[in-house]
Every structure is written in C-alpha cells, then in structure tokens.
Amino acid sequence: MAAQYEEIARDLRERIASGEYPPGTQLPLMRDIAATHGVSDITVRKAYALLTREGLVESRRRSGVFVKEHPDRVRLTVRARQVERDELGYFSGPEVQHWRALPWPDGKKTRVSEAPAPADVAEILGVEVGTRLTIRKRLVGDPRQEDHRQLADSWIAQWVSEEVPTLRGDTGLGGMYDRVEEWADRALTWREEVSARMPSPEEAEALKMPATGAPLLRVVRVTQLPSDDADEEPRVVEVQDIRMSAALFAVGYPLLRAESAGWPVQPATSDYYQAPLSD
C-alpha cells in the first residue's frame, strides 16, 4: 500500500500531466494540501520532494513550488531510425525486432481501455485536454535481457476508432497499421520526438529502474495518414508514447550531408568568430 505522501504526489502528478497545472503554475500551498487530505505539513513536504526529484516541480525561495518549464517544444525533424517489417510481418524498428510483449501482473499482454488524453498527446491529436481516447498499453522487452524493456502506450485518434471498422475488435495479423493501410489504400508515415524526464515510481518499477538517479528516455512516435490532396495536412492516426531507461538506452543516428554541404565543399566566406548575427 502506497504511503500518504506517495498518494498525494500521484494526484499532483496526474494533474500536471493533464494540463490542470501547466508549466510555470504555482502549486497549492502545503497547508492547503494538508487540509484537503487531512495530513501533516511534513507529509505534503515529502510529496513535493518526490515530485522535485522526478523533475516535475521546483521550489522558489519565498514564492512557493512551481511546475517546471520544460524546453521540449523544439522538435527535431531528422529521423535516426527506420521502420521495417520484422520476421513475423509486423512494422518494427530494426533494433527491437526480437522483442516481445511481456505480461502485466494480471497476465494480460495488452491493456485496452479509455482514458483522458494528457496535455501533450491531446495537442498532437488536435483534441481538448482530457478527451477520453482509446489507449493500448504494452510492456515490451528483450526475452534474453530481464532489464531491457520499454513501456509503450498507444493513443488512438477518435476518427480512427469511428471510421475504421476493422479496428473495433481484434486488430488481426499485422496489427493496427496494416488495417489502416488496407482501409485507406495508402501508406502510413511516421515521425518521432525524443525527450527525457525523471520516471514516476510506477514507471521505474515496471522498467526495473533505480528508484532515483536515472532519467527516463521518452520517444513519442506519431503515425500519420497522408491525404489524397497534396494541399491537405495528413491525419494523425496514433500517438505512441514509448519510455525506457536512459541509463541503458540511447537514440543514435547518422548525420547526412545536406545539399549545401555537398562534396566538394565551397570555401568559407567569413571568419566564424567575427561574423555578425543573422536576422
């Protein structure tokens, strides 16, 4: 059974993730939280300390505790990896083709439910924060390495659940991606965003990470269906939230030469250290 301070931390963590307490927002005073939950200030202080260690909040002297600002809006469009077909015929990354879905404590390998979309997922899918969406939760790992595992939460767009009838039950061989491509008769595309944060206690336990000191590597993979009309934006099919231990994994990729850097190179035209800033 979780301690009282852990329950309070979980409640605040969920409110931060949902966008109720956006970055820069001051959290309620400790005495107010203590009164609400019927606990001592010491218990609330432990909860705030836990959120501080996770990198979610920061204490500002004589001002209070605030949700931390995260510079995660800078998005890199360079793709490091590629999507391949594995030996079973499923779309997969080349480095995890031999990984398999691991059972949750209740024995299930995929947990399917409806849940309110967190703020960043809702933004990508273009829905209101808190909109209830279908989510598929999986724990995936390397059968040969006990601690080589990742959490993969797939948030399915509302239009997919409503318009693609073959996804209302078992997705069948090849999974959701094959069903959407068959239905649309078009190829899906993918992009990824990579960031890092501290894990929640539940994530650390599932990933067999140390309770403190090891950050979480987060890869948000966005699946898109291009439109027949070149002037229309692609439709977002799914947002997959993949988390793994940054102490064990890294994202590496080759750097390709752009046309402006093609060989043979053009000579430099100005001194790097003296060149004025461009507008």
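One can find the structure itself at the top, above this paragraph.
About the criteria used
Residues numbered from 1 in each chain as written. Predicted model: local features only at pLDDT ≥ 70, side-chain atom pairs only at ≥ 80, totals over all residues. Heavy atoms only, no water. Helix = DSSP H or I, 4+ residues; strand = E, 2+ residues; numbered from the N terminus. Contact = heavy atoms within 4.5 Å. Axes fitted to C-alpha atoms, helices over the stretch in contact; angles between N-to-C directions. Parallel < 35°, antiparallel > 145°, perpendicular 65-115°, else oblique. Left-handed = near helix turned anticlockwise from the far one by under 90°. Nonpolar A, V, L, I, M, F, W, Y, C, P; charged D, E, K, R; others polar. Phe/Tyr/Trp six-rings, centres within 6.5 Å; stacked < 30°, edge-to-face > 60°. Buried < 20%, exposed > 50% of the residue type's maximum accessible area, 1.4 Å probe, protein only. Lys NZ or Arg CZ within 6 Å of the ring centre and 35° of its normal. Polar contact = N/O pair within 3.5 Å; in protein donor to acceptor, adjacent residues only side chain to side chain. Salt bridge = Lys/Arg side-chain N within 4 Å of Asp/Glu carboxyl O.

Student: Which residues make up the overall build of the chain, and what values do they have?
Tutor: Along the backbone of the chain there are 7 helices and 11 strands. For the chain, the proportion of contacts with a sequence separation of at least 24, taken over those separated by at least 6, is 58%.

Student: Kindly report on the packing of helix H2 (residues 30-37) against helix H3 (residues 41-53), identifying the contributing residues and their values.
Tutor: Where H2 meets H3, the axes come as close as 9 Å, and the angle between the chain directions of the two elements is 110°. Classified by the interaxial angle, the pair formed by H2 and H3 is roughly perpendicular. By crossing handedness, the relation of H2 to H3 is classed as right-handed. Across from Met30, Arg31, Ile33 and Ala34 in H2, the residues of H3 making contact are Asp41, Val44, Arg45 and Tyr48. Among the residues forming the contact of H2 with H3, the class breakdown is 5 nonpolar, no polar and 3 charged.

Student: Help me get a handle on the packing of aromatic side chains, residues and values and all.
Tutor: Applying the stated criterion across every chain, the model contains 2 aromatic pairs. A ring pair is formed by Trp159 and Trp183, whose centres lie 6.0 Å apart and whose planes are at 40°; its orientation type is tilted. Highlighted residues: Trp159 in helix H5 (residues 158-163) and Trp183 in helix H6 (residues 175-184), separated in sequence by 24 residues. For Trp183, a relative accessible area of 36% corresponds to the partly exposed category. In this structure, Arg60 is placed above the aromatic ring of Phe66, and the distance from its NZ or CZ to the ring centre is 4.1 Å. Its guanidinium or amino end placed over the ring of Trp159, Arg235 lies 3.7 Å from that ring's centre, counting from NZ or CZ.

Student: If you had to explain the side chain of Asp153 to someone new, which residues and values would you point to?
Tutor: Looking at where Asp153 falls in the secondary structure, it is placed in strand S8 (residues 149-156). Assessed through its relative accessible area of 6%, Asp153 is described here as buried. Among the polar contacts listed, one links the side chain of Asp153 to the side chain of Arg243, at a separation of 3.1 Å. In this view, Asp153 contacts Ile135, Arg136, Lys137, Arg138, Val239, Gln240, Asp241 and Arg243; residues no more than four positions away in its chain are not counted.

Student: Account for the pattern of salt bridges, naming residues and giving values.
Tutor: Side chains bearing opposite charge may pair, as long as their charged atoms lie close to each other. Tallying each qualifying case throughout the model produces 22 salt bridges. Among the salt bridges present, the one from Asp241 reaches Arg218, with a minimum N-O distance of 3.0 Å. Of this pair, Asp241 sits in strand S11 (residues 235-245) while Arg218 sits in strand S10 (residues 216-225), and the two are 23 residues apart along the sequence. Here Arg218 falls in the buried class, since its relative accessible area comes to 12%.

Student: Go over the packing of helix H1 (residues 4-18) against H3 with me, naming the residues and quoting the values.
Tutor: At a minimum axis distance of 8 Å, the contact between H1 and H3 shows a crossing angle of 50°. By the angle class used here, H1 and H3 are oblique. Classified by chirality, the crossing of H3 by H1 is right-handed. Seen from H1, the contacting residues are Gln4, Tyr5, Ile8, Ala9, Leu12 and Arg13; seen from H3, they are Thr43, Val44, Lys46, Ala47, Tyr48, Leu50 and Leu51. In the contact of H1 with H3, the residues fall into 9 nonpolar, 2 polar and 2 charged.

Student: If you had to explain the side chain of Arg218 to someone new, which residues and values would you point to?
Tutor: Here Asp120 takes part through its side chain, which lies 2.7 Å from a polar atom of the side chain of Arg218. In contact with Arg218, not counting residues within four places along its chain, are Asp120, Glu193, Val194, Ser195, Arg197, Asp241, Ile242 and Arg243.

Student: Can you tell me about unusual backbone geometry, naming the residues and giving the values?
Tutor: The omega torsion of the bond from Trp263 to Pro264 falls at 0°, within 30 degrees of zero and hence cis. Tracing the backbone through its elements, the reader meets Pro264 in the segment after S11. Non-glycine residue Arg62 carries a positive phi angle of around 65°. In this structure, Arg62 sits in the loop between strand S1 (57-60) and strand S2 (64-67). The phi angle at Asp185 is positive, at roughly 60°, despite the residue not being glycine. Take Asp185: it is sitting in the loop between H6 and strand S9 (189-197). Overall, the relative accessible area of 69% leaves Asp185 in the exposed class.

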